[in-house]
There are 4 protein chains.
Amino acid sequence: MDYVYGPGRNHLFVPGPVNIPEPVLRAMNRNNEDYRSPAVPALTKTLLEDVKKIFKTTTGTPFLIPTTGTGAWESALTNTLSPGDRTVSFLIGQFSLLWIDQQQRLNFNVDVVESEWGQGANLDILAEKLAADNAHTIKAVCIVHNETATGVTNNLAKVRKILDDYNHPALFLVDGVSSICALDFRMDEWGVDVALTGSQKALSLPTGLGIVCASPKALEATKTAKSVRVFFDWNDYLKFYKLGTFWPYTPSIQLLYGLRAALDLLFEEGLDNVIARHSRLGKATRLAVEAWGLKNCTEKEEWYSNTVTAVVIPPYIDSSEIVRRAWKRYNLSLGLGLNKVAGKVFRIGHLGNLNELQLLGCLAGVEMILKDVGYPVKLGSGVAAACAYLQNNIPLIPSRI
Amino acid sequence: MDYVYGPGRNHLFVPGPVNIPEPVLRAMNRNNEDYRSPAVPALTKTLLEDVKKIFKTTTGTPFLIPTTGTGAWESALTNTLSPGDRTVSFLIGQFSLLWIDQQQRLNFNVDVVESEWGQGANLDILAEKLAADNAHTIKAVCIVHNETATGVTNNLAKVRKILDDYNHPALFLVDGVSSICALDFRMDEWGVDVALTGSQKALSLPTGLGIVCASPKALEATKTAKSVRVFFDWNDYLKFYKLGTFWPYTPSIQLLYGLRAALDLLFEEGLDNVIARHSRLGKATRLAVEAWGLKNCTEKEEWYSNTVTAVVIPPYIDSSEIVRRAWKRYNLSLGLGLNKVAGKVFRIGHLGNLNELQLLGCLAGVEMILKDVGYPVKLGSGVAAACAYLQNNIPLIPSRI
Amino acid sequence: MDYVYGPGRNHLFVPGPVNIPEPVLRAMNRNNEDYRSPAVPALTKTLLEDVKKIFKTTTGTPFLIPTTGTGAWESALTNTLSPGDRTVSFLIGQFSLLWIDQQQRLNFNVDVVESEWGQGANLDILAEKLAADNAHTIKAVCIVHNETATGVTNNLAKVRKILDDYNHPALFLVDGVSSICALDFRMDEWGVDVALTGSQKALSLPTGLGIVCASPKALEATKTAKSVRVFFDWNDYLKFYKLGTFWPYTPSIQLLYGLRAALDLLFEEGLDNVIARHSRLGKATRLAVEAWGLKNCTEKEEWYSNTVTAVVIPPYIDSSEIVRRAWKRYNLSLGLGLNKVAGKVFRIGHLGNLNELQLLGCLAGVEMILKDVGYPVKLGSGVAAACAYLQNNIPLIPSRI
Amino acid sequence: MDYVYGPGRNHLFVPGPVNIPEPVLRAMNRNNEDYRSPAVPALTKTLLEDVKKIFKTTTGTPFLIPTTGTGAWESALTNTLSPGDRTVSFLIGQFSLLWIDQQQRLNFNVDVVESEWGQGANLDILAEKLAADNAHTIKAVCIVHNETATGVTNNLAKVRKILDDYNHPALFLVDGVSSICALDFRMDEWGVDVALTGSQKALSLPTGLGIVCASPKALEATKTAKSVRVFFDWNDYLKFYKLGTFWPYTPSIQLLYGLRAALDLLFEEGLDNVIARHSRLGKATRLAVEAWGLKNCTEKEEWYSNTVTAVVIPPYIDSSEIVRRAWKRYNLSLGLGLNKVAGKVFRIGHLGNLNELQLLGCLAGVEMILKDVGYPVKLGSGVAAACAYLQNNIPLIPSRI
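Calculation notes
- Residues numbered from 1 in each chain as written.
- Chains lettered and ligands numbered in written order.
- Predicted model: local features only at pLDDT ≥ 70, side-chain atom pairs only at ≥ 80, totals over all residues.
- Heavy atoms only, no water.
- Phe/Tyr/Trp six-rings, centres within 6.5 Å; stacked < 30°, edge-to-face > 60°.
- Helix = DSSP H or I, 4+ residues; strand = E, 2+ residues; numbered from the N terminus.
- Buried < 20%, exposed > 50% of the residue type's maximum accessible area, 1.4 Å probe, protein only.
- UniProt positions renumbered as here; feature names shortened; annotations may be inferred.
- Least-squares fit on C-alpha atoms with pLDDT ≥ 70 in both.
- Contact = heavy atoms within 4.5 Å.
- Core = buried A, V, L, I, M, F, W, Y, C linked by side-chain atoms within 4.5 Å.
- Buried area = accessible area lost by both parts, 1.4 Å probe.
- Salt bridge = Lys/Arg side-chain N within 4 Å of Asp/Glu carboxyl O.
- Polar contact = N/O pair within 3.5 Å; in protein donor to acceptor, adjacent residues only side chain to side chain.

**Thoughts on the packing of aromatic side chains**
Given two aromatic rings, one states the distance between the centres and the angle between the planes to describe the pair.
Part 1 of the reasoning: Scanning all chains against the criterion turns up 50 aromatic pairs over all chains.
Part 2 of the reasoning: Relative to B:Trp99, the ring of B:Trp73 lies with its centre 5.7 Å away and its plane at 20 degrees, an arrangement referred to as stacked. Placement of the pair is B:Trp73 in helix H3 (residues 69–78) and B:Trp99 in helix H4 (residues 94–105), with a sequence separation of 26 residues. This pair shows no difference in class: B:Trp73 is buried, exactly as B:Trp99 is.
Part 3 of the reasoning: Between the aromatic rings of C:Tyr237 and C:Trp247, the centroid separation amounts to 6.3 Å while the plane-to-plane angle is 75 degrees, which identifies the pairing as edge-to-face. Of the two residues, C:Tyr237 sits in helix H8 (residues 234–243) while C:Trp247 sits in the loop between H8 and helix H9 (253–269), which places them 10 residues apart along the sequence.

Below, the structure is given as structure tokens:
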């Protein structure tokens, strides 16, 4: 039984972990298998080939590491950098902060570029730093594609352009945890060197796979990277890739079959359709927030995130009361405000295997909660605004035409 | 994989089969078992004891028959009546029609009391018929508690009162398919002789169990009932009840464990709370319909159903287009209008393991579809009306207080 | 949790319900669906087409009835015969007895041909009866292909030959509950008019589908068959087949997807390979029984069953003690002796999704139990005999070559 | 579907990952949840409390890390030691080798004590080294409780005794990957400082949890341990333990509920009964090996492992052919010989949720395979030897008495 049962489905609108579609649950509903039999390598081979598509890369090398996003970060850094290496990293919210903290604890020399929470990475400062770095002391530019704490999407194409403008050889490392499979991401076109995500985000699996993809340049960097690593060492994977057995240690059979099913669903829907769906969900959410008379934590449209919206509430309300009430009264799971924006924002995650009517149920719930906590919302206003947009924009489900 | 995949969850709002809660899916996710081992009788014993609670009976004898609602009907009739027996039966919609058809094909002499579709059973005529039946030629009064085609709930307490007023010995047979576990139902208090439901309705299981409960008077009637029956014969069950092995033929192990989980969830929520939740869902739906400027197929408030609402649409729209669009564009499953009301109504089922935000997502979807098909609905209006009511009436989830 | 837990897997060797393979469990692990959406008819259409293959028929019409084998029997009889019709039926064990009992309770005039339990149907007497029946008073010959109580397989080809020899128009009705998908069965070639099985037998699904197939002649017979039927009426199905919606009442969505998966597995293995596998399992079991110095309940080799073996034990042992011990000490489920052979035989079911090593584990267990109850078995003897045969006969798994 | 399907159940006898019991599969068959809701900490709290019981500790602090055994090793080392620290580590097989390799790559100064593969750790040399280490340069003694490659169980009580004899303060770090929950393990009594296992071993879960338990002395050591660590840093966990939210990053909801179910099953059976069951399985396997005339890779009885048996085969046979054939013909998964014993041994894993009849099916299979590859085994001999022992020693299943 569930640990704390409530009738009907839980409405899961945290920005991860997200809803797992039934075909994926089914695929994972299985006994363990011997991962050294011929079956598991055969399966793994298809996964490694197909997972490249979600990064939009043909030249990258993927790793399916039994870990979380935090571990995937560590793998990206320790395989490509040496202690003391200078990185430029952007502090724009809780998750970029945690990554920077990790970089510091791993003994890199982190050049932090801070912005107000709600703003995107300050790329002008990146340009300045690169311009000044004739000696190429900057070894890596580390950026979170989508800051999950504030709902801010950074412009990766622009980062690449700046690197190119200065002809700078720094590695380009991207946390795509709440973006990949949901937002437009183009590893090869944007010259990203390491990109990563976690299985429980837009891929809509359980937690447990850190999915990392390395460019040829990143693989080259492993040869000189002196950071200590064993569990996260890509070379151990590469050794087993060559052997054709693929796994340096035991993978989760269930997650492998689950990933197979998740990829199949993404490809059946079409990756571009998936991204378009997230765009609809993001836009609909923002229209509702506007209709409620509330502010988006994200300051400018250029940074709007299609996977998570952080909603700023008036100072007389504690946003954690909204999250608590959502769970206690409506079986709705919303995201808390974190750190600097704790108590000030709550977050609606709208990523992964999700459709418009699910979101509208959530938005209706948020309206009632806002009223519960004393905010003078006009009930139905957000849903109306979202519907006005969605009714014009939802396509027919291709398989049902 | 699903046969025709669409992203996100299917919004299942037909009036059965309904959403299965995860704890029930989990309980059924199991291999077969030997039903002659000591384990299955031990499990069965708890089920037979506990299933009586959903009928609110202490004196009834339940049967868990591997069949559907149609089979449960057949079991109720053939175990208690003989060919040629006169029954009074109320024709108020498609499901009462089908039951009457079955009664006729089983060679009973059916005295049909017809009402307009959208009205409840005409109990005045019942009173007249009973008054005139001094010879007690009427052997059974057969009534559908909740007519699923029109969303009409009949007043069973009143049926009992009329029977008592005329001191009439006719059996009182009730189809509770879309009522039991959702609407107020009191087998003992109302002197119901046979009541029945199907597992895929408010119990929120898969199809496959016809759940029938017989009063002592009904069991007595089996002794003289001459209708031919083998598969549906209660006596075969009673024989195995006495032996303590319980099953005359092979039950579905999965459904037994599923029923155990479903009952546990109902009792954890509290049967009265479950009924109150259905009352909220019904009321919220009707408020939305009203806000849309549409008519409820149910003519009077006394017959309003808390498990299904049939919505009448203007003659220039074909309601089956609404149902088609719901499925093709919004991954929403609505009920068609059937027979006399085909094309004229669509149905929103709101029964089983369902909560308010799920319903609100459905209502938002219906608004968009109404607009799609050319009905001038004000988007957000129905959701607003429903929320205004719900926000004042939803209790905290007891386990989360 | 399981109702009575024991460590490790339960060894399920009753002759049904049998082990469900994981791919089938996975396919059934799903929410309900609207069976009136376009998805379910599309799925159903493939099932009806493919299920004919397991009957080896191209001209038959299949019905997937939400019921058990007992219900499938009732459907076969009531759709094709009228009360008072004369049937010839063979009493050779508990399941043929139960079918005869049903025929009698359905008011047919049953001409019972009895054999000793352990013998097959006496077809010489059938020949005599047909020879004497110039008036064609015999309307149907009813025979159990494989008597599950004694492990006796009847010769259906010979029944057809006798019918043909006398040019007799009687319908040929076959209970294939413990044979179809496991033993050689040829509906068209043998001119079977109705054949049926249950989902929980060799198809390796949960209980809940009575799968019935009717020849054109059987369908023709429905037009004059006066037996009362509603739930089991094939005509209701045929009406919905024509409409393309397929279902007169609610099917189990889970069993439909499960059946799809079960058929896929059967076809992947190859139906002839499946039958050959059962032949190996049957032979291995009989060799073990012989090695133990025990007798097969089946008297002659021509009747040996490849799906169940009834083992006769010495009179100083009560066979139900063997079954009890199997379950209490070894987590092994064996079949009891029934009725005339109660206490005298125990049964090993070896049908469905089962492989040789599973059977050998069971046989090793039986040896220990025999010793437990005082029978002087040589431990290892049965397994050795079975292995000697199997090691020469098991083919490579085709998908793994 | 399975990636490479074979009929019947796969017989999984690699020494991990092992069979997952159905109640655990069921518990994990669920959607994601918000791990910041009150439900997940409440669940986690019970897990942290109960997981201590499998280590037999009351003073230890457990960590449930989303990683594999390899990651758990890394966590044990980096949290307690500093680069350059001297460890004593025993090389007795492939898994101790890999751990030593990790220690070296993490820049510890590893004092390797090597034995022949098939022998246990040479504790005399440990004694010598401790005796000579008045300066306490040895910071940790690292030992694999059960070497999975050779089936050798080391004597941990004796390690503690030696440490005590020399009053040596070195940390005592134990890899219990293939021992904990299967072999007798006593963290507090033996003064183990860090012990660890992986979820896919005797706990019978999928891969994905590294379960680590630290003594107060180990926790104290973290304060001075200078090894670089972020993902594996226990302090991040301890910080969240204090907050009562428990998770520094996203856990797998499914594995948490699965662990709850796995612990419930272990406690229902009784941890001591579980250990006794493994003892029976180990003994039965060794008796079979002896009966086949083959040698156990483990040289002396004192080192016999009750979780895995490595079987030495004659030089004219390649053991990998045995493993290949097992999978291709018998749907049986055996363990390969690794590294020094590649081609020379094959391994039978007999740990986790497994019962005697499952093992006997495996042993019968191995006999046939041995014959397949040209070894002159007497079919049935191993099974007979195992049965002779088991039939005298298997207890009744407590819940079924």
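Read on for the rest.
**Thoughts on the UniProt feature "domain: Aminotransferase class V" (unreviewed entry) in chain A**
Part 1 of the reasoning: Per the UniProt entry, the sites bearing "domain: Aminotransferase class V" (unreviewed entry) are residues 15–299 of chain A in this numbering.
Part 2 of the reasoning: Helix makes up 42% of residues 15–299 of chain A and strand makes up 16%, while its end C-alpha atoms are separated by 19 Å.

**Here we look at the relation of the copies chain C and chain A**
Part 1 of the reasoning: Once chain C has been moved 0.0 Å along the axis and rotated by 180 degrees, it coincides with chain A to within an RMSD of 0.0 Å. Here the two chains are linked by the operation of a two-fold rotation axis. Relative to the rotation axis, the closest C-alpha in chain C is found at C:Arg26, a distance of 2.5 Å.
Part 2 of the reasoning: Mapped onto chain A, 100% of the interface residues of chain C are again interface residues, and the two copies thus contact each other with one and the same surface.

**Focus on the nonpolar core**
Part 1 of the reasoning: Membership of the largest hydrophobic core comes to 206 residues, with the highest contact counts inside it found for A:Phe90, A:Phe185, A:Leu203, D:Phe90, D:Phe185 and D:Leu203.
Part 2 of the reasoning: Not counting residues up to four positions away in its chain, the partners in contact with D:Phe185 are D:Phe55, D:Lys56, D:His145, D:Leu156, D:Val174, D:Ile180, D:Trp190, D:Val192 and D:Ala195.
Part 3 of the reasoning: Of all hydrophobic cores here, the second largest spans 203 residues; its members include B:Val18, B:Ala218, C:Leu255 and C:Leu351.

**Topic: the interface of chain B and chain A**
Part 1 of the reasoning: Taken together, the contact between chain B and chain A spans 56 residues of the former and 56 residues of the latter.
Part 2 of the reasoning: Interface area for chain B against chain A, summed over the two sides, is near 5400 Å², with a carbon-plus-sulfur share of 58%.
Part 3 of the reasoning: When the buried area of chain B at its contact with chain A is split by residue, B:Tyr5, B:Arg9 and B:Arg400 rank highest and sum to 16% of it.
Part 4 of the reasoning: At the junction of chain B with chain A, the criterion picks out zero salt bridges.
Part 5 of the reasoning: The interface formed by chain B and chain A contains 30 residue pairs in polar contact (both at pLDDT 80 or more).

**Structural notes on the side chain of B:Gln358**
Part 1 of the reasoning: Examined against the element boundaries, B:Gln358 turns out to sit in helix H12 (residues 356–372).
Part 2 of the reasoning: Overall, B:Gln358 belongs to the buried group, its relative accessible area being 10%.
Part 3 of the reasoning: There is a polar contact of 3.2 Å between the side chain of B:Gln358 and the backbone nitrogen of A:Arg9.
Part 4 of the reasoning: Leave out the neighbours within four places in its chain, and B:Gln358 touches A:Gly8, A:Arg9, A:His11, B:Phe13, B:Asn19 and B:Asn353.

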